[in-house]
Amino acid sequence: MFKANVYVTLKNGVLDPQGDAVKNSLQVLGYNNIDKIRTGKFIEIWLDAKSEKEAMEQVEAISEKLLANLVVEDYRVEVVEVEK
Amino acid sequence: MFKANVYVTLKNGVLDPQGDAVKNSLQVLGYNNIDKIRTGKFIEIWLDAKSEKEAMEQVEAISEKLLANLVVEDYRVEVVEVEK
Amino acid sequence: MAVLTYKDMGLNDEEYAKLLEVLGREPNYLELGMFSVMWSEHCGYKSSKPLLKTLPTEGPQVIIGPGENAGVVDIGDGQAIVFKIESHNSPSAVEPYQGAATGVGGIIRDIFTMGARPIAVLDSLRFGNLDDEKVQRLFKGAVAGIAGYGNGLGVPTVGGEVYFNPAYNENPLVNAMGVGLVNIDEIALAVAGEVGSPLILAGAKTGRDGIHGATFSSEELSDSTKDKRPTVQAGDPFMEKLLIEACLELIAEDLVAGMQDLGAAGLTSSVAEAASKKERGVKIDVSQVPCRESGMTPYEIMLAESQERMLIVPKSGQDKRVIEICNKWGLEAVVIGEVTDDGLFKIYEGSKLVGELPVLALTDDCPVYVREGKEPSYYKEHRNFDETTVAEKDLNKSLVELLKSPSIASKKWVFSQYDHQVMTNTVIVPGEAGAAVLRIKDTPKGIAVTTDCNSRMVYLDPYQGAMMAVSEAARNLACVGAKPLALSNCLNFGNPEKPDIYWQMQLAVKGIADASIALDAPVVSGNVSLYNETESVGIYPTPIIGMLGILDDINHRQDMAFKTEDDLVVLLGDLNVSLGGSEYLYVCHGLETGIVPEINLKQERALIDVLLQGHKQKLFNSCHDISEGGLAVALVESAIKGNMGVKIDIATNNRRKDGLLFSEAPTRVIVSLNPSNLKKLEELAKSLRITTQVLGKVVDQDIVISLDGDEAINIGTDLAQEIWGEAIPCIMGK
Amino acid sequence: MNFAVVVFPGSNADKDCYHVLKNVLNESVEYVWHQDTDLDKYDLVILPGGASYGDYLRAGAIARFSPVVDSLVNFADQGKLVLGIGNGFQVLSEARLLPGVLLKNKNLKFICDTTYLKVVQQDTAFTNNFKENEVVKMPIAHGYGNYFCDESTLKELKDNKQILFTYCDDNGEVSPEANLNGSLNNIAGIVNKNGNVFGMMPHPERHAEDILGGTDGLKVFTSMINRLEEVRV
Ligand SMILES: Nc1ncnc2c1ncn2[C@@H]1O[C@H](COP(=O)(O)OP(=O)(O)O)[C@@H](O)[C@H]1O
Ligand SMILES: [Mg+2]
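Residues numbered from 1 in each chain as written. Chains lettered and ligands numbered in written order. Predicted model: local features only at pLDDT ≥ 70, side-chain atom pairs only at ≥ 80, totals over all residues. Heavy atoms only, no water.

Tallying secondary structure elements over chain D gives five helices and 11 strands in all. Its C-alpha atoms give chain D a radius of gyration of 16 Å, near enough to 17 Å, the size a compact globule of 233 residues would have. Expressed along its principal axes, the backbone C-alpha trace of chain D runs to roughly 45 × 40 × 35 Å. Once local pairs closer than 6 in sequence are excluded, the contacts in chain D between residues at least 24 apart make up 75%. With the model as given, the accessible surface of chain D reaches about 8,300 Å², and the carbon-plus-sulfur share is 44%. Charge separation in chain D, taken as the distance between the mean sites of 21 positive and 30 negative side-chain charges, equals 3 Å. (Helix = DSSP H or I, 4+ residues; strand = E, 2+ residues; numbered from the N terminus. Rg over C-alpha atoms; globule rule 2.2 N^0.38 Å. Contact = heavy atoms within 4.5 Å. Areas by Shrake-Rupley, 256 points an atom, 1.4 Å probe, with all protein chains shown as cover. Lys, Arg positive; Asp, Glu negative; His and termini not counted. Charge placed at Lys NZ, Arg CZ, Asp CG, Glu CD.)

Moving on, we get to the site of ligand 1. All names here are of chain C. If you check the shell around ligand 1, you find 19 residues, and the closest are Asp123, Gly431, Ala433, Gly434 and Asn476. In this structure, an oxygen atom belonging to ligand 1 sits 2.8 Å away from a main-chain N or O atom of Gly431. Put simply, ligand 1 lies in the largest cavity. If one sorts the elements of the shell around ligand 1 by residue count, strand S5 (residues 157–164) sits on top with four residues. Of the residues assigned to the shell around ligand 1, the class counts are seven nonpolar, six polar and six charged. (Near = heavy atom within 4 Å. Polar contact = N/O pair within 3.5 Å; in protein donor to acceptor, adjacent residues only side chain to side chain. 1 Å grid on protein atoms, 1.4 Å probe; cavity = no way out; pocket = protein on both sides within 12 Å on 5 of 7 lines; lining within 4 Å. Sits in = over half its atoms within 2 Å of the grid points. Nonpolar A, V, L, I, M, F, W, Y, C, P; charged D, E, K, R; others polar.)

This part takes up the relation of the copies chain B and chain A. Take chain B, turn it by 180°, move it 0.0 Å along the axis, and it overlays chain A with an RMSD of 0.2 Å. Taken together, the turn and the small shift mark the pair as related by a two-fold rotation axis. Residue B:Lys41, judged by its C-alpha, is the member of chain B lying nearest the rotation axis, at 2.2 Å. Both copies share a contact surface, since 97% of the interface residues of chain B are interface residues in chain A too. (Least-squares fit on C-alpha atoms with pLDDT ≥ 70 in both.)

A few words on the interface of chain D and chain A. Chain D puts four residues into the contact, and the matching count from chain A is six residues. Carbon and sulfur atoms supply 80% of the area that chain D and chain A bury against each other, a total of about 510 Å² over both sides. In terms of surface lost to chain A, no three residues of chain D exceed D:Tyr56, D:Leu57 and D:Ile62, which account for 79% of the buried area on that side. The interface formed by chain D and chain A holds zero salt bridges in total. At the boundary of chain D and chain A, one finds one residue pair in polar contact (both at pLDDT 80 or more). Its residues assigned to classes, the side of chain D that touches chain A comprises four nonpolar, no polar and no charged. (Buried area = accessible area lost by both parts, 1.4 Å probe. Salt bridge = Lys/Arg side-chain N within 4 Å of Asp/Glu carboxyl O.)

Our focus in this paragraph is the packing of helix H19 (residues 462–480) of chain C against helix H20 (residues 499–518) of chain C. Residues and elements named next belong to chain C. Direction vectors running N to C along H19 and H20 enclose 40°, while the axes themselves pass 7 Å from each other. As the angle between them shows, H19 and H20 are arranged oblique. H19 and H20 meet at a crossing whose hand is right-handed. Seen from H19, the contacting residues are Pro462, Tyr463, Ala466, Met467 and Val470; seen from H20, they are Trp503, Gln504, Leu507, Ala508, Lys510, Gly511, Ile512, Asp514, Ala515 and Ser516. Looking at side-chain class alone, the contact of H19 with H20 contains 10 nonpolar, three polar and two charged residues. (Axes fitted to C-alpha atoms, helices over the stretch in contact; angles between N-to-C directions. Parallel < 35°, antiparallel > 145°, perpendicular 65-115°, else oblique. Left-handed = near helix turned anticlockwise from the far one by under 90°.)

As a further point, take the nonpolar core. Ranked by internal contacts, the top residues of the largest apolar core, which has 152 residues, are B:Ile45, C:Phe139, C:Ile312 and D:Phe165. When residues of this core are assigned to their parent elements, the largest contribution, 10 residues, is made by helix H10 (residues 237–252) of chain C. Membership of the second largest hydrophobic core comes to 90 residues, among which are C:Leu122, C:Ile428, C:Ala486 and C:Leu548. (Core = buried A, V, L, I, M, F, W, Y, C linked by side-chain atoms within 4.5 Å. Buried < 20%, exposed > 50% of the residue type's maximum accessible area, 1.4 Å probe, protein only.)

This part covers the pairing of strand S2 (residues 28–33) of chain D. All names here are of chain D. Taken together, the six bridges between strand S1 (residues 2–7) and S2 define a ladder with parallel strand orientation. Each residue of the ladder has a partner; that of Val7, found in S2, is Trp33. Note that the unit made of S1, helix H1 (residues 14–24) and S2 has a crossover that is right-handed. (Pairing = 2+ DSSP bridges. Right-handed = clockwise from strand over helix to strand, strands pointing away.)

Residue and element names in this part refer to chain C. Reading across the sheet, the seven strands line up as S23-S25-S22-S26-S24-S27-S28 and stay open at both edges, with mixed pairing between neighbours. Each edge of the open sheet is held by one strand with a lone partner, namely strand S23 (622–625) and strand S28 (710–715). Along the sheet, successive strands turn relative to each other by an average axial angle of 20°, direction set aside. Relative to strand S25 (residues 669–673), strand S22 (residues 568–572) runs antiparallel, the two being bridged by five bridges.

Here the focus is the sheet that holds strand S1 (residues 62–64) of chain C. All names here are of chain C. Pairing in this open sheet of six strands is mixed, and the strands run S1-S2-S3-S6-S4-S5 from one edge to the other. In this open sheet, the two strands that pair with only one neighbour each are S1 and S5. Averaged over all neighbouring strand pairs, the angle between strand axes comes to 25°, with direction disregarded. The pairing of strand S3 (residues 79–87) with strand S6 (residues 173–183) spans nine bridges and is classified as antiparallel. What sits directly across from Ile85, in S6, is Met177.

Below, the discussion takes up the environment of C:Asp520. All names here are of chain C. Take Asp520: it is sitting in the loop between H20 and strand S18 (523–529). Considered as a pair, Asp520 and Ala252 are 268 residues apart in the sequence and their alpha carbons are 33 Å apart. Residue contacts for Asp520: discarding those within four places in its chain leaves Gln61, Lys483, Pro484, Leu485 and Arg605.

To continue, consider the confidence of the model for chain C. Across chain C, pLDDT averages 95, with 97% of residues at or above 70. Contacts from residues 224–228 of chain C, a stretch scored under 50 in pLDDT, to residues over four places away or in other chains number five contacts. (pLDDT = per-residue confidence, 0-100.)

Moving on: unusual backbone geometry. Residues other than glycine seldom take positive phi values, yet C:Asp442 does so here, at roughly 70°. The residue C:Asn653 is not glycine, and still its phi comes out positive at about 50°.

Turning next to the pattern of salt bridges. Pairing is possible between side chains that carry opposite charge, provided their charged atoms lie close to one another. Residues and elements named next belong to chain C. All chains considered together, the criterion is met by 57 salt bridges over all chains. In this structure, the salt-bridge partner of Lys445 is Asp77, at a minimum N-O distance of 2.8 Å. Placement of Lys445 in the loop between strand S15 (436–439) and strand S16 (446–452) and of Asp77 in the loop between strand S2 (71–76) and S3 is noted, with a sequence separation of 368 residues between them. Its salt-bridge partner being Glu86, residue Lys84 comes within 2.8 Å of it at the nearest N-O pair. On the basis of relative accessibility, which here comes to 18%, the residue Glu86 falls in the buried class.

A few words now on the environment of B:Asn24. Residue and element names in this part refer to chain B. Structurally, the position occupied by Asn24 is in helix H1 (residues 17–28). Residue Asn24 is classed as partly exposed on the basis of its relative accessible area of 47%. Spatially, the C-alpha atom of Asn24 lies 9.6 Å from that of Ile34, the residues being 10 residues apart in sequence.

Right, here's the structure in full:
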């Protein structure tokens, strides 16, 4: 069994109102040293595969297809082998 | 300047309709080897701090207070030093 | 960022020559960029201006017609309705969620820029074949985007329409209509104010969003435009909500000389528009503009289409208070320049002058093309189609097919994602009638709003089709009890440089104009979206009509649901068998052809009068117009909505049966009424020369339609509800 | 009676609540800006629906740090009545004035519809004008209304009779089909242990006039007024 971590982040330059809102509210709470906040998704996938390579390829395909919207988002995948 | 990565994940046992929906639609697309999918948040924070330790403490505090709802979510923080 | 030539920016050789002539010198890169967006089809209306001039725009009810951010219509008691419909097609094709969301954001800004509180949104959508996965993704994304934005704002989305046709496979249409309520003495205008007035920019920071978006949306989509794609603009409904509240507070305190939102072509367009209205000049300093990213050039700042920004010209001495109120709402607001008297648009970066253009060169000197229209061969071919070659199919099965067709099936999957009740004004909610009805609190009045267009009809016959669209909108209003007051339109067409497309535009605009005059609903606002083509394949011509109507007494409203057993079911208007352009021909026979049934505008007007007088006399228990799917589908919808049955018998007089049931001929309405009201209705209709015919009655359950006494249709209301209700969820998931 | 309707940046049902209290019920009501902290003069505070702070991060997560919410904690400690509707419920749960959380609807979509509710507890400050087990109709409009809590919390809610409304069908059947947003045990509204802080996802203010299709929602308001009058006497 493999576990994949998929990180989906907004492309540079694309507005992140959520990140901005969080940053502003932290400022109000007195955290004045925060430069920037960007919010994204973290998706964990447990899957069967013959090899790490196969798992990686599959999760990359899934990410392109379903998990990330490539018009506005980038993604990154990590795969590790885990116990059933 | 430091960069913190905050991973917010749903606690075990908490329903994740979004993860389930992704899993189902992957099944429809023919991916039958997927065991489980959990969706969470990935939040990147750039901040000034005196030390990695200070940055870490601060981001942990922020996470407890705001970024994660500890009733249903866990969080994990990583901090690295970065160029301005 | 790559250096672009004037051609890359969408100007052709003649246009560039004209630019040189107007300016008397070569423009620098910033100036060239500013010209190219202002002279784009989107901002400059190069191909459509001569046609738009022919639209009727006047009437005693019109306070402000086309030309401002939105039209303004008098509804009495010192109040007015502000409304406009606008497209966001090409951004939605690229990224449906953000494209549709920012479409709503843009039209809502047009409304509150006029000083009005936004009270409703409607959305008019066109997508390709819904069996296609890509189309499903676009549909799902666009609906979610409209929901995400409108719901976040707390402005109800009260109506709209969705149609599916392969003509939109590559080019979906996302049009949104904004509606606002304003006290007439608080209307704000997009004017520059007095010389020396500061220009305040409020709202979101400026990023590198959608640079050259206006140009992009004025071109056909192709592989090469894909590379030119600007950064997708993302919407922030929260910021917009703050902007609404702040701007309306500014107006309430009477602090504003002029206001102009930043939309297509960003700062360039909004500053130039505001200055041009009073033939003023302006100077602005781009280094004062709050930016989201570092290192933005003057070019980028002037052209960025970042959302949720407003340019405010305060009344003399009120700048501090303006900024204070913006800050109270958590909005950044800074002075970026001032109004001057030299007619020049000067752009500084700090103390350095980086661009200087005559304001009017940008706004008024934009080239205008009177293009050539030519009747395409398809027009006659379709008119020569012989309906008698179409074999009649099983009527009950055909009805089921129609109920399943996504264009006819229930749109609850769509509107249940929209908050349509917030503000507690929506007294007829989506799905209950062809138009939504909103009460105007503290008055006995209500307004009704709708959007309509059957683009297949427009394709087959642009003149008739456009008249039909206007008439359907008016009829939908009259069905709920509202008198049509004014209309807005969004002209979605292909490439106007092609003579057959321009021909469609010419005839459609003539159709709108003629119907608008006949039905006394002048055009007060609109928008044009051209070049909706991919690899030279264009959409159906789609002139969406958004219409506003008034109910003097909200208690005269009516919906489409059958309500009481033994009520008579009466057809107002004529039985008709013409199947040209019908959904029946498309769904059951795979044909999109035929002669579009001709509309008689006098008769339409008379029908509307019958309806309005009937509502006043409280004659009806339900009222529903006949449109897609014909008489049969209208009856089924009224039955489903009321959870009742209906028993009908029609004498065919040897006319074709499928025609009688499924013709989409206009100017027809189904009402139900207590038998004791029949005489009054007949007299009323007769006095206005509208035919009435009792078709049958409302029963407890089951929809049974007989022709010459033989049962042609028999379907349980529950089953019909299930087929009609589940068609879209079955494809899209619950 | 003095009512307060809190206005957070992004609230949007504030005016609707105000309208019901002022124009339908003729009560005295004021808006309270999220930065105000003086709640002393009010008998009852309403946190209205909407999308405070754009619902960013989690619905209600940012609003709960508003100064007014700090005051609200004291206000509630004094046993005064607090009603959170929709987003207001979310704020109360983020502020831990009510247990549990409101997750994304199970179909992942915003849902605007009218649903049936079963009145589970009638003898409360918020439901005393309903009949026990009455089936009523109210509009819902939310994307995050899927109530969730852990088992021990659920047990407490049940034991203490804190569940006031559940989603049901027109026959009063508390069925999975009637549970549009996927809430645990069809929970639509809960009250705190003290019985003075109530959160509900349905919008009673949208069914408070006949012209809007129903008046069941009005009873939530009249129940509160009943209770306040009792206390006063
Ligand atoms: N995109 C949409 N957004 C909101 N409401 C919609 C949408 N599409 C359809 N509706 C609603 O569904 C109902 C039926 O639409 P439609 O069949 O176009 O009505 P009609 O044919 O009477 O004009 C109307 O109440 C309409 O407002
Ligand atoms: Mg229609």
